[in-house]
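Here are the chains, one letter per residue:
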Amino acid sequence: RTLTMQGRSSKTPKKELVIESPQQYKKLAAAEFAVDSVSEVLVKPKVIEPLDYENVLVQRKTQILSDVLRDMLQFPLEDFEISTLRRQGRTLYPTVPENAEEEAQSLFVQECIKTYKSNWHVVNYKYEDYSGDFRQLPNKVSRPDKLAVHMFEVDEDVDKDEDSASLGSQKGGISKHGWLYKGNINSAISVTMRSFKRRYFHLTQLGDGSYNLNFYKDEKISKEPKGTIFLDSCMGVVYNNKVRRFAFELKMQDKSTYLLAADSEVEMEDWMNTLNKILHTSFEIAMQDKRNGDIHDGSTRDIESRMRNETRLKLFTLDPDTQKLDFSGIEPDVKQFEEKFGKRVLVNCNDLSFNLQSCVAENEEGPTTNVEPFYVTLSLFDIQNGRKISSDFHVDLNHPSVRGMVPINATQYMNGGGNAHPQGQPLIHGVSEAALQFPRQGIFSITCPHPDIFLVARIEKVLQGGINHCAEPYMKSSDSTKVAQKVLKNAKLACSRLGQYTMPFAWAARPLFKDASGTLDKSARFSALYRQDSNKLSNDDMLKLLADFRKPEKMAKLPVILGNLDVTIDNVAPDLTNCVTSSYIPVKQFDVREKSNIFFEVEEFVPCIAKCSQPFTIYNNHLYVYPKHLKYDGQKAFAKARNIAVCIEFRDSDDEDAASLKVKVGPSFTRSLLSFTPSSLVKL
């Protein structure tokens, strides 16, 4: 087949193409269409810039000034005002260190510090009342109350069968009910005996005085009637014995009829008399209303007009849905950002006792206690998400006589070599060091509580040697008198030499919540004290151990140290006093004279998800140091190195002779909290 194609342009020569198949024709047609599309120039739509509102006001200034509605176009001159709201904090003293803003050299740091110190500026709009819902616009005219709720008979819920006293009888009207036969009247079919159906009829009076004759399939009149005869449209009641005995007929205004029949003549007469009485009464009432209507027509209209003027409601108020709307709280009062907490749990550390006990005094006059000092560190672990969710809470439950085994000058090593404060000297804002030295009550906060959160207690002791060797005397239940004296002798020697260094010893755990709603599991107790494995010291190792915590067959394989850790948990009271933050700053309602019953807030590691994010309202500058491991294999100075300690300290500069700063740390360097100011430098 031969097809001749001619281009649209007069300059395009004719082409004679031989097309052998339909597919080739489609390809040629598509190619020609592409060539024609390229040749045509595409016209881009004109971009319309948005109207500059201010320029329009300037250009039409004369026209606007002469317009009576100019106030609707112009911006109010005094639309808003700015007020200052004093910053409120939950602590007795500012959380930002003194002179921090002056010492900070970076402009960015200075501006960040201002966000914790500056007051709030509140913008109040003068015409804010006009910016809300149209139903909330200010109005000088007193607003009417909500419409009264009216209950009509058709809306009432009739759930019980009514007795002979119907609605009509309750209102002094005529009442009657009983069985009748109703004929099925149809113009196309003649009425016969078989067309009558037995129905239960009930005569009721409505609120306006009219009567209805309802008929049902049975005597349960609480159901929907099968039909209703409106007697206010009935013209009369007459006999009709042509089809059935004891039958009568109701003639209606629309020329329709209702054919009814009774079982006896007495019942027929009773029904007819009752219905005729109703029709006669209704006729007299209608005539009386007509005579009185001409007299009182003028006064009635005046009364209705006055009532409409006095009680007329606005069109929107008549909407029933509008009456249900509650606009209170649409524009709440502006409040400052507050520090948000999750589920707060109070942890009370009462006692730590081992089966291996003795008197540590030289003269053996004193109480029986543990034979060496132990230190407890509490923290929270989330098994479901595989992470640690709180910082460490360090607790010293040692008896004063046992605590005295460690030299006092050991504190200078714990705090980076600086001189410790004398006993009783104020440490922070009037709180003595003695009051903060041996805490026993901590407050933990959990933002996302669930049953897989565990409270873990790690127990440490003064460094002596291998964990297995040191824990062996505590795992035997034989005669412990001689063993206790031997352990006591070695402990005194170790405390005098290495009292500032500690080593892992044991651990225990307990679940915190019963369910995801935050219900505390107060009945649970700490598990047995398991010996710490020297190869499982990290947080990841602890998470693996806790994953098998509810599997008795696996926990039974762990070596147990004979002892007991007594720790109780409870909900935090809203009026809790004598509390300090994780930065050791007293919270309001703090008694500086209190030296023993002080509560410590433990820092929560909030998960980095959107629903848990909150604005920062207090200044926290905490550095958590976690030494993971130390490789000392490459050194050649010593054939065997042991008891290697990592010393971490803060210095005020990078100079070699710079003094170390006093920081707050726990009894172990492996998990220590270091608080510092922005100008401090860390030297590792």
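Residues numbered from 1 in each chain as written. Predicted model: local features only at pLDDT ≥ 70, side-chain atom pairs only at ≥ 80, totals over all residues. Heavy atoms only, no water.

Per an unreviewed UniProt entry, the protein chain is named Dedicator of cytokinesis 9, and its organism is Oryzias latipes.

### Brief notes about the pattern of salt bridges
Going through the model one piece at a time under the given rule, you end up with 17 salt bridges. For the salt bridge of E362 with K492, the shortest nitrogen-to-oxygen distance reads 3.2 Å. Here E362 is found in the loop between β13 (357–358) and β14 (369–370), whereas its partner K492 is found in helix α13 (residues 481–498), with 130 residues between them in sequence. Across the pair D396 and R403 runs a salt bridge, and its minimum N-O distance is 3.1 Å. You can call D396 buried: its relative accessible area is 9%. By relative accessible area, R403 is classed as partly exposed at 21%. Salt bridges sharing partners connect three or more residues here, namely R90, E339, R344 and E601. (Salt bridge = Lys/Arg side-chain N within 4 Å of Asp/Glu carboxyl O. Helix = DSSP H or I, 4+ residues; strand = E, 2+ residues; numbered from the N terminus. Buried < 20%, exposed > 50% of the residue type's maximum accessible area, 1.4 Å probe, protein only.)

### A word on a positive patch on the surface
Together, K197, K217, K220, K223 and K226 give the surface a local cluster of positive charge. Position of K223 among the secondary structure elements: in the loop between β7 (211–216) and β8 (227–230). (Patch = residues over 30% accessible without salt bridge, like charges linked within 9 Å, V, L, I, M, F, W, Y side chains within 5 Å. Areas by Shrake-Rupley, 256 points an atom, 1.4 Å probe, with all protein chains shown as cover. Lys, Arg positive; Asp, Glu negative; His and termini not counted. Charge placed at Lys NZ, Arg CZ, Asp CG, Glu CD.)

### Here we look at α13
Look at α13: 25 Å from first C-alpha to last across 18 residues, which is about the 26 Å you get at 1.5 Å a residue. Restricting attention to buried positions, one finds in α13 the residues A484, V487, L488, A491, A494 and C495. The arc that holds every buried residue of α13, seen down its axis, measures 135 degrees, which confines them to one face. Residues of α13 that are exposed and point more than 90 degrees away from the buried face comprise K482, K486, K489, L493 and R497. Of the surrounding elements, those touching the buried residues of α13 are β13 and β21 (453–462). (Expected span 1.5 Å × (residues − 1). Arc of directions from axis to C-beta. Contact = heavy atoms within 4.5 Å.)

### Some remarks on the packing of aromatic side chains
Summed over all chains, the structure comprises 16 aromatic pairs. Each ring, one from F354 and one from Y474, has its centre 5.4 Å from the other, and the planes form 65 degrees; the classification is edge-to-face. Highlighted residues: F354 in strand β12 (residues 343–354) and Y474 in the loop between α12 (467–471) and α13, separated in sequence by 120 residues. On the basis of relative accessibility, which here comes to 2%, the residue F354 falls in the buried class. The buried category is assigned to Y474, whose relative accessible area is 2%. Summarising the aromatic geometry, the rings of Y584 and F600 are spaced 5.8 Å apart at their centres and angled 75 degrees between planes, so their arrangement reads as edge-to-face. In this pair, Y584 sits in the loop between β26 (579–580) and β27 (599–601) while F600 sits in strand β27, placing the two residues 16 residues apart along the sequence. For the residue pair Y584 and F600, the accessibility class agrees, reading buried in each case. (Phe/Tyr/Trp six-rings, centres within 6.5 Å; stacked < 30°, edge-to-face > 60°.)

### Some thoughts on a nonpolar patch on the surface
A cluster of nonpolar side chains, contributed by F80, I82, V123 and Y125, occupies part of the molecular surface with about 410 Å² of accessible area. Secondary-structure elements contributing two or more residues to the nonpolar patch are β3 (80–85) and β4 (120–125). Among the secondary structure elements, I82 is positioned in strand β3.

### Examining the sheet that holds strand β5 (residues 176–183)
Across a sheet, strands are paired by hydrogen bonds formed along the backbone, either parallel or antiparallel in direction. Here 7 strands make up an open sheet; going across it, the order is β8-β7-β6-β5-β11-β10-β9 and the pairing antiparallel. Two strands close off the open sheet at either side, each with one partner strand: β8 and β9 (234–239). Strand-to-strand, the axes of this sheet are offset by a mean angle of 35 degrees, without reference to chain direction. Bridge analysis of β5 against strand β6 (residues 196–205) gives 8 bridges, and the strand direction is antiparallel. What sits directly across from K182, in β6, is K197. (Pairing = 2+ DSSP bridges. Axes fitted to C-alpha atoms, helices over the stretch in contact; angles between N-to-C directions.)

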